[in-house]
Amino acid sequence: MSAPHRLQFTQFDVFTSRPLEGNSLAVFSDGRGLSDDEMQAIAREMNLSETTFILPRDSAQEREKGVRVRIFTVGEELPFAGHPTLGTAFGLRGSSGAAEIRLHLNVGTIPVTFEEKDGQPTFGEMTQADPQFGQTHDRKKISEVTGIPLDDIDPELPIQTVSTGVPFTVLPIRNLEAIRRLEITQGRASEYLAASDGKFFYCVTRETVDPTARLHARMQFYNGEDPATGSASGCTAAWMVEHGVAKPDERVMIEQGIEMKRPSRIFVRASRSNGRVVNVRVGGSVVEVLRE
C-alpha cells in the first residue's frame, strides 16, 4: 500500500451459529483508498475463501442502491458470492435490529432480510438474481473430465449449469459413499467448464448425514474445498425446484463442509411463476469470531 495505515476488519463464520464451523469471511469496514491490487493482496494475505471490502458513500446513494461492497477470493474478484453477501450484511446490521440490509455488489443490488425468533440465532436470507438455466451435460463426458467414476454419478437427475449471478454446474452424485471419495481433476474440469460457461462443479447427493437436510454438498475448486457456497446453493435451489427435488417455496437445508470438519447449514428456497423458477433465496446464521 502506498502509505501504511491500520485497517479494521471483522472475521465471521457464515452458515453456522457455532464458532469455528461454517465458512470463514473477513469483512473490512472501510476499503476507501485501496486500489484493486491492494484489495487482492489483502485477500491473498487473509487466505480465506473470500474477503469483502465495504466502501461507504453518501446516504442518498446507499438508500438508492445499497451499501457498496466488493468481494475477493485469494485469486480474483467475484461479481457475487453467497457467504460473503450474508456475512457482510450481518456485519453491517450489527446490533441495530434492522429488518433488511441492501448490498450493492458488482452483480447489482442484493437485499438481505433478517428473522428474529426467541431462543434462536438470528437468521438472514438473501434474494439472489432470477436463475438462468444453461446447458445439460452428458454424464459420460463429465465423468471423463472430472475423473468421477460414471457409476458414482446419479443417473436420475440432470447435470446442469445454472446461474443466479455466478454459473455453477450442479453435478448429482449417487450417494454419500461416492461423494465422500470425491476428487475432481481440476485441470481438465476447469478447461471443460471454461468452454461451457460454468465456473465450478457443485456436487450434491440426496443421501444426507443430517436427516433434516435435503442435499449433502461438496465444492472443490482451485483453492481446495469450500465449506459453504451460498452462490452455488442458490443455483441448486433453482435446480431443485426445476427438477422436482424440492417444491416451490419449500425451504430446505443443504449440508456442506462436513468432510472438512467445517459443517455448514444452508437454507434455500425458490418460487415458480408462469412456468419459470424465480425468487431464489438463500439463508442461514452468522457468528462473529474475531475483531481487529
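Shown above is the structure to which this text applies.
Residues numbered from 1 in each chain as written. Predicted model: local features only at pLDDT ≥ 70, side-chain atom pairs only at ≥ 80, totals over all residues. Heavy atoms only, no water.

Chemist: What exactly am I supposed to notice about the side chain of His137 here?
Modeler: You can see His137 is positioned in strand 9 (residues 132-137). Not counting residues up to four positions away in its chain, the partners in contact with His137 are Ile142, Ile159, Gln160, Thr161, Thr169, Tyr192 and Ser196. (Helix = DSSP H or I, 4+ residues; strand = E, 2+ residues; numbered from the N terminus. Contact = heavy atoms within 4.5 Å.)

Chemist: Just checking my understanding: could you explain the packing of helix 4 (residues 139-146) against helix 6 (residues 186-195) for this structure?
Modeler: Packed helices, taken two at a time, are described by the angle between their axes plus the distance between the axes. Where helix 4 meets helix 6, the axes come as close as 7 Å, and the angle between the chain directions of the two elements is 135 degrees. Judged by the inter-axis angle, helix 4 sits oblique to helix 6. Each of Lys141, Ile142, Glu144 and Val145 in helix 4 lies in contact with helix 6, whose residues at this interface are Arg188, Ala189 and Tyr192. In terms of residue class, the contact of helix 4 with helix 6 is built from four nonpolar, no polar and three charged. (Axes fitted to C-alpha atoms, helices over the stretch in contact; angles between N-to-C directions. Parallel < 35°, antiparallel > 145°, perpendicular 65-115°, else oblique. Nonpolar A, V, L, I, M, F, W, Y, C, P; charged D, E, K, R; others polar.)

Chemist: Which parts of the structure should I look at to understand the nonpolar core?
Modeler: The nonpolar side chains of a soluble globular protein tend to be buried, and buried together. By size, the foremost hydrophobic cluster in this structure holds 53 residues, and its most contacted members are Trp239 and Met240. If you tally residues by element for this core, the top one is helix 7 (residues 230-242), at seven residues. Ignoring sequence-local partners within four residues, the contact set of Trp239 consists of Phe133, Leu157, Pro158, Gln160, Val162, Val170, Pro172, Val204, Leu215 and Val245. Core analysis: the second largest hydrophobic core is formed by 17 residues, Ile148, Leu176, Leu182 and Tyr192 among them. (Core = buried A, V, L, I, M, F, W, Y, C linked by side-chain atoms within 4.5 Å. Buried < 20%, exposed > 50% of the residue type's maximum accessible area, 1.4 Å probe, protein only.)

Chemist: What am I meant to see in the pattern of salt bridges here?
Modeler: Scanning all chains against the criterion turns up 21 salt bridges. Overlapping salt bridges bring together Glu115, Glu125, Arg251 and Arg269 as one network. (Salt bridge = Lys/Arg side-chain N within 4 Å of Asp/Glu carboxyl O.)

Geometric descriptors of this kind do not, in isolation, establish any biological role.
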